[in-house]
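Coordinate inspection notes
If you want the building blocks of each chain, they are given just below.
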Amino acid sequence: MIARAQLLVGSSIEAVHTLHSEVGAVAAGARQRGDCLLRAHPAGVVFKFSQEASWCRWCCRHSTARGVALTTACETCGATWCSADCRHRGEAAHTLQCAAVAAIKAAAQALGRDATLQARWACDLIASTHADAATQPHAHPGGASVETAVQPAAAAVGGVEDHSEPLPRLTHVLDMVQVQELVGRKPSKACKARTTAARAVLQWAPDSRLCRAGGGDAGGGGGEGSAAAAAAAITFETLQTALGALPLNSFGFYRDGDNCGSGVYPAASVFNHSCSPNVGYRHEGRMLVFYALTELRKGEPLFISYVDLSTPFVERADVLTEQWGFKCGCVRCVTERVDIDVVAAEDPAAAAAVADKLRWIAEYDAANVCECGTVLVPSACQPEEGGAPVTDCQCDSQTLVT
């Protein structure tokens, strides 16, 4: 948890050890509904083959968002950008992974869908989190270096001073890993895909600049040296472990209800789950931004939802047990598992209490949940002037709630 806690410096949340999990998030101070709590940078983003031509590789905007047109593409790996500016800002990371991604895409049929996606995510993880160590800063058209441009200055959001978290690195991903086997399951298809993906990256990375980048975080210094020496710094075990973060800690990019890709945001991994969360989040371009849904006290535990809240209790419980290995004990789950008719026959007073909680849940959903089951953020939470388009829910059918 120590590495991830470093990513929260300047945010409105703190990481703490909890009774039932390794780590949890609490409010660093009193906050109001709509206040920005955290602006998280990604450590690796990947879009599906069928979707990548519609998403900007740098700012993660969809081609239909505010009329954005993807005007430039790489002939080698197929990456696309919505502008020359976005390509310029992402060029350092793109250069490091381009050849490796092209080789992995060419072998996609042999690797299989899951392993291919994981290998491509691993390439972006290594390249994007080490571009600053492997390349010299170069000027951005606005006058700032690329490193400065990707980490904006503090801005007043929701009435509080808001700072983007420090840029994540491979060490932060390794710190957040919750490999599926650790929650009591046998080696799975996902484990096999991780193994295949790790081998694929190690097979093709030495022929690109990717390994030289990865070597910096493993003690290699990130400087010049042979590709073989750099490859040794990125071990099979390291890659396989990092890939364990993907299935349990990724946040999807959605368009018209379809999952188009995903990104891993190490700072966001400190949030635990509740089916009645007090924190909502959305993509604002490349950033994943978290907002308070209620008034918060200093030290109050913070929760997001891992699941579709439009599904019944039994289905939610199955998903949480199968994918994350725990049972949710939030007020929604405790209330919805009760048969109110049986309770009413045995204890009318208890039945009235259950009915009150069901009314609270209905009011909560009306204020915070889209019809598709996604938790929305308050309407007062608008992106900074000139900021990237906002994605609010998976179905894109509802505007922000008030």
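Residues numbered from 1 in each chain as written. Predicted model: local features only at pLDDT ≥ 70, side-chain atom pairs only at ≥ 80, totals over all residues. Heavy atoms only, no water.

1. Details of the sheet that holds strand 9 (residues 250-255)
- Read across the sheet, three strands follow the order 4-10-9 without closing on themselves; strand pairing throughout is antiparallel. Edge positions in the open sheet fall to strand 4 (45-47) and strand 9, since each of these has one partner strand only. Going from strand to strand, the sheet's axes swing by 25° on average, the running direction of each strand aside.
- As judged from the three bridges shared by strand 4 and strand 10 (residues 258-264), these two strands associate in the antiparallel manner. Along strand 10, the bridge assignment pairs V45 with G263. (Pairing = 2+ DSSP bridges. Helix = DSSP H or I, 4+ residues; strand = E, 2+ residues; numbered from the N terminus. Axes fitted to C-alpha atoms, helices over the stretch in contact; angles between N-to-C directions.)

2. Some thoughts on the packing of helix 7 (residues 189-204) against helix 10 (residues 236-243)
- Two elements in contact, helix 7 and helix 10, have axes whose closest approach is 9 Å; the angle formed by their N-to-C orientations is 135°. On the basis of their axis angle, the class for helix 7 and helix 10 is oblique. Between helix 7 and helix 10 lies a crossing whose hand is right-handed. Where helix 7 approaches helix 10, its residues C191, R194, T195, A197, A198, R199, V201 and L202 are matched on the opposing element by F236, L239, Q240 and L243.
- Taken together, the residues that form the contact of helix 7 with helix 10 break down as eight nonpolar, two polar and two charged. (Parallel < 35°, antiparallel > 145°, perpendicular 65-115°, else oblique. Left-handed = near helix turned anticlockwise from the far one by under 90°. Contact = heavy atoms within 4.5 Å. Nonpolar A, V, L, I, M, F, W, Y, C, P; charged D, E, K, R; others polar.)

3. Side note on the environment of R57
- Structurally, the position occupied by R57 is in the loop between strand 4 and strand 5 (72-73).
- Residues R57 and V45, twelve residues apart in the sequence, show an inter-C-alpha distance of 8.4 Å.
- What R57 contacts, discounting residues up to four positions off in sequence, is V45, V46, A79, T80, W81, D124 and R286.

4. Notes on the environment of W324
- Structurally, W324 is set in helix 12 (residues 313-324).
- Residues W324 and N249, spaced 75 residues apart in sequence, show a C-alpha to C-alpha distance of 9.9 Å.

5. Describing helix 15 (residues 348-368)
- In this model helix 15 runs 30 Å from its N-terminal to its C-terminal C-alpha over 21 residues, within 8% of the 30 Å that 1.5 Å per residue would give.
- All of the buried residues in helix 15 are A351, V354, I361, Y364 and N368. Each buried residue of helix 15 lies within a common arc of 135° when the element is viewed along its axis, so the set occupies one face. Residues of helix 15 that are exposed and point more than 90 degrees away from the buried face comprise P348, A349, E363 and A366. (Expected span 1.5 Å × (residues − 1). Buried < 20%, exposed > 50% of the residue type's maximum accessible area, 1.4 Å probe, protein only. Arc of directions from axis to C-beta.)

6. Concerning the nonpolar core
- Ranked by internal contacts, the top residues of the largest apolar core, which has 40 residues, are W121 and V201.
- Secondary structure elements with two or more residues in this core: helix 2 (84-106), helix 4 (113-134), helix 7, helix 10 and helix 11 (245-249).
- Counting 28 residues, the second-largest nonpolar core is a separate cluster that includes L8, C260, A267 and L296. (Core = buried A, V, L, I, M, F, W, Y, C linked by side-chain atoms within 4.5 Å.)

7. Concerning the pattern of salt bridges
- Applying the stated criterion to the full structure yields twelve salt bridges.
- Between R57 and D124 there is a salt bridge whose closest N-O contact spans 3.3 Å. Highlighted residues: R57 in the loop between strand 4 and strand 5 and D124 in helix 4, separated in sequence by 67 residues.
- With its nearest N and O atoms 3.7 Å apart, the salt bridge here joins R297 to E300.
- Among the residues examined, E300 registers a relative accessible area of 14% and is labelled buried.
- When salt bridges that share partners are traced, they join R316, R332, E336 and D365 into one network. (Salt bridge = Lys/Arg side-chain N within 4 Å of Asp/Glu carboxyl O.)

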